[in-house]
Amino acid sequence: FAKVTFSHMGYQSVIKAIRPLQANELNISMRGSQTQLKGVLITSTKKQKYSNKNNPAVSLIQQIINHKEENRMESADYLQYGQYERVGLSLFNLSQKFINGKFFGKYKFMLDTTADANGKKQTLLPVLLSEKLSDVYYRRQPEKNIQVLTAQKDINIIKFIDTAGLHTSVNQLYGDNLDIYQNNIFIVSNQFLSPIADHSPNFYKFFITDTISTPAGKQIEVAFTPRTKGDMLFEGMLVVTLDGHYAITACEMNVNKDINVNFLRSIKIRPDFAQQPNSRYYLTKSDVKADFGLSKTKG
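All values derive from a computational prediction rather than experimental measurement. (Residues numbered from 1 in each chain as written. Predicted model: local features only at pLDDT ≥ 70, side-chain atom pairs only at ≥ 80, totals over all residues. Heavy atoms only, no water.)

Undergrad: Help me understand the environment of Tyr84 in this model?
TA: By the element assignment, Tyr84 lies in strand E3 (residues 78–92). Sequence separation of Tyr84 and Asp135 is 51 residues, and the distance between their C-alpha atoms is 9.0 Å. The contact partners of Tyr84, leaving out residues within four places of it in the chain, are Glu131, Lys132 and Leu133. At a separation of 2.5 Å, a polar atom in the side chain of Tyr84 contacts the side chain of Glu131. (Helix = DSSP H or I, 4+ residues; strand = E, 2+ residues; numbered from the N terminus. Contact = heavy atoms within 4.5 Å. Polar contact = N/O pair within 3.5 Å; in protein donor to acceptor, adjacent residues only side chain to side chain.)

Here it is, written out as structure tokens:
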């Protein structure tokens, strides 16, 4: 080939000559197309009142609620899977007085560690790391659930912390099992109503925000937020299949800053789902990140 064409929607195509079988360095500048549509700004002087009636987002949520039982992992007659659990606790925003103090001297080398906290790269001091590997067995009729611990490793970096007590507190943070298909989800010793609880349309507002094309077919993204600020409810988004099963394929849940939960600044929950051989989507990973502090902004 002696020529190559560069094209992009809204721009005029550019054709450049090249030397075959050689490295070619090309600088490409594209001009806007004359037929490119101009941006249109739509404004409304009257704020539309939210209503569940004739709301396609609420109708979609109702379908998810109606199909909850068939989309839960527990709808299978038998289940067997390996479960890996990793819990880490770190300190952020350490004061210079603490860092330069006599106690902290032997831990200074660990301040090279950084992590993403509330969208920012921050220096952290790791305090605790715990890992568990288990085999889980489930039978639906008669119902029985067995979890066999096969391996466990705990690293308590700062020795004065009560590891056993800390484990109990951390387990209260994220609960034993984050199941969005349950009506209630326990986070930080508090009970939150799931966005797909049986009566969630009475407590949440729902909005269709996007249509997504995937190899498995079209899916819908739905945003949700509490009707009343301060209620123990989540805000975030769901992605749902349109194959007649209305299964959740992705989810993100946050806690509104107006909710008063002890020492909690923010929390982000991301369950991930994967399609199984039976075409159902089952939970494969839960990622929970929480930021605690003595005040909402400092410390």
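Undergrad: Help me out: how do you make sense of the sheet that holds strand E10 (residues 217–226) in this one?
TA: What links the strands of a sheet is backbone hydrogen bonding, and the strands pair in either a parallel or an antiparallel sense. The strand order across the open sheet formed by six strands is E9-E10-E11-E12-E13-E14, and the pairing between neighbours is antiparallel. Edge positions in the sheet fall to strand E9 (204–214) and strand E14 (281–292), since each of these pairs with one other strand and no more. On average, adjacent strands in this sheet sit at an angle of 10 degrees to one another, irrespective of strand direction. The pairing of strand E11 (residues 234–241) with strand E12 (residues 248–255) spans seven bridges and is antiparallel. Paired with Leu238 across the two strands is Cys251, which belongs to E12. The strands touched by helix H1 (residues 56–66) are E9, E10, E11 and E12; relative to E9, the strand with the most contacts, the crossing angle is about 80 degrees. (Pairing = 2+ DSSP bridges. Axes fitted to C-alpha atoms, helices over the stretch in contact; angles between N-to-C directions.)

Undergrad: Could you clarify how one ought to interpret a nonpolar patch on the surface in this entry?
TA: Taken together, the side chains of Tyr137, Ile146 and Val148 define a hydrophobic patch exposed on the protein surface, amounting to about 230 Å² of accessible area. Along the chain, Ile146 turns up in strand E6 (residues 144–156). (Patch = residues over 30% accessible without salt bridge, like charges linked within 9 Å, V, L, I, M, F, W, Y side chains within 5 Å. Areas by Shrake-Rupley, 256 points an atom, 1.4 Å probe, with all protein chains shown as cover. Salt bridge = Lys/Arg side-chain N within 4 Å of Asp/Glu carboxyl O.)

Undergrad: Please clarify how the side chain of His67 should be interpreted in this entry.
TA: With respect to the secondary-structure elements, His67 resides in the loop between H1 and helix H2 (68–71). A relative accessible area of 16% means that His67 is categorised as buried. Beyond its immediate stretch of four places on either side in the chain, His67 contacts Gly244, His245 and Tyr246. (Buried < 20%, exposed > 50% of the residue type's maximum accessible area, 1.4 Å probe, protein only.)

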